[in-house]
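Chains, contacts and geometry: an overview
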Amino acid sequence: NKPIMLDFTGWACVNCRKMEEQVWSTSKVFDILNEDYVIISLYVDDRRELPYEEQFDYLKSNGSIKKIKTIGDKWATMQTINFENNSQPYYVLLNHDLELLNTTTAYTPNADEYFDWLEKGLENFRK
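Structural notes, computed from the coordinates. Since this is a predicted model, take the numbers as computed values, not measurements.

So, on to the sheet that holds strand S5 (residues 90-94). Here we have four strands laid out as an open sheet, ordered S2-S1-S5-S6, and mixed in their pairing. Looking at strand neighbours, the two that pair on one side only are strand S2 (38-43) and strand S6 (105-106), the edges of this open sheet.

Rendered as structure tokens:
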């Protein structure tokens, strides 16, 4: 009975680590994330190969083919297709029907602003 937060992140993402260390670690942001959300972190630079049966070719709008062979390829492509964004960190709040609960957001050093964004998503989830 909790909303989902998709966390598009990367192992080599400096701003992702800054968010985790400087924003997520503040007490009120930590508490709301820990108690009220299910966080799913999707690493767009994960180089582990997908099982062969999960690999596929993605036809881009320009007609070119992108081979989806790694976990990172899969999550980066999912982010680009569904949210028209390929930067990290990138955060998406969803309900159980995968509907947006708030606008998407990215890096912000302002913990109060990020907390308000999470609160609004939670409020919309409860409606």
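For the rest of this paragraph, the subject is the packing of helix H2 (residues 27-36) against helix H4 (residues 111-126). One can describe the packing of H2 onto H4 by two numbers: an axis separation of 9 Å at closest approach and a directional angle of 25°. By the angle between their axes, H2 is roughly parallel relative to H4. In this structure, H2 meets H4 at a crossing whose hand is left-handed. For the pair formed by H2 and H4, the contact residues are Lys28, Val29, Ile32, Leu33 and Asp36 on the first element and Ala111, Asp112, Tyr114, Phe115, Leu118, Glu119, Leu122 and Arg126 on the second. Tallied by class, the residues present in the contact of H2 with H4 amount to eight nonpolar, no polar and five charged.

Before going further, it helps to examine the state of the cysteines. Enumeration according to the criterion identifies one disulfide in this entry. Disulfide partner of Cys13: Cys16, at an S-S distance of 2.2 Å. Here the S-S torsion is close to 80°, and the disulfide linking Cys13 with Cys16 is therefore right-handed. For the pair shown, Cys13 and Cys16 are each scored as buried.

Here the focus is H2. For H2, every residue scored as buried is listed here: Val29, Ile32 and Leu33. Each buried residue of H2 sits inside an arc of 95° when the element is viewed along its axis, so together they form one side. Elements in contact with the buried residues of H2: strand S1 (4-9), helix H1 (14-23), S2 and H4.

Now for the pattern of salt bridges. Within the structure shown, the criterion is met by six salt bridges. Taking the shortest distance from any N to any O, the salt bridge between Glu54 and Lys74 comes out at 3.7 Å. Within this pair, whereas Glu54 is found in the loop between S2 and strand S3 (56-59), its partner Lys74 is found in helix H3 (residues 71-83), the two being separated by 20 residues in sequence.

The rules behind the values
Residues numbered from 1 in each chain as written. Predicted model: local features only at pLDDT ≥ 70, side-chain atom pairs only at ≥ 80, totals over all residues. Heavy atoms only, no water. Pairing = 2+ DSSP bridges. Helix = DSSP H or I, 4+ residues; strand = E, 2+ residues; numbered from the N terminus. Axes fitted to C-alpha atoms, helices over the stretch in contact; angles between N-to-C directions. Parallel < 35°, antiparallel > 145°, perpendicular 65-115°, else oblique. Left-handed = near helix turned anticlockwise from the far one by under 90°. Contact = heavy atoms within 4.5 Å. Nonpolar A, V, L, I, M, F, W, Y, C, P; charged D, E, K, R; others polar. Disulfide = S-S within 2.5 Å. Buried < 20%, exposed > 50% of the residue type's maximum accessible area, 1.4 Å probe, protein only. Arc of directions from axis to C-beta. Salt bridge = Lys/Arg side-chain N within 4 Å of Asp/Glu carboxyl O.

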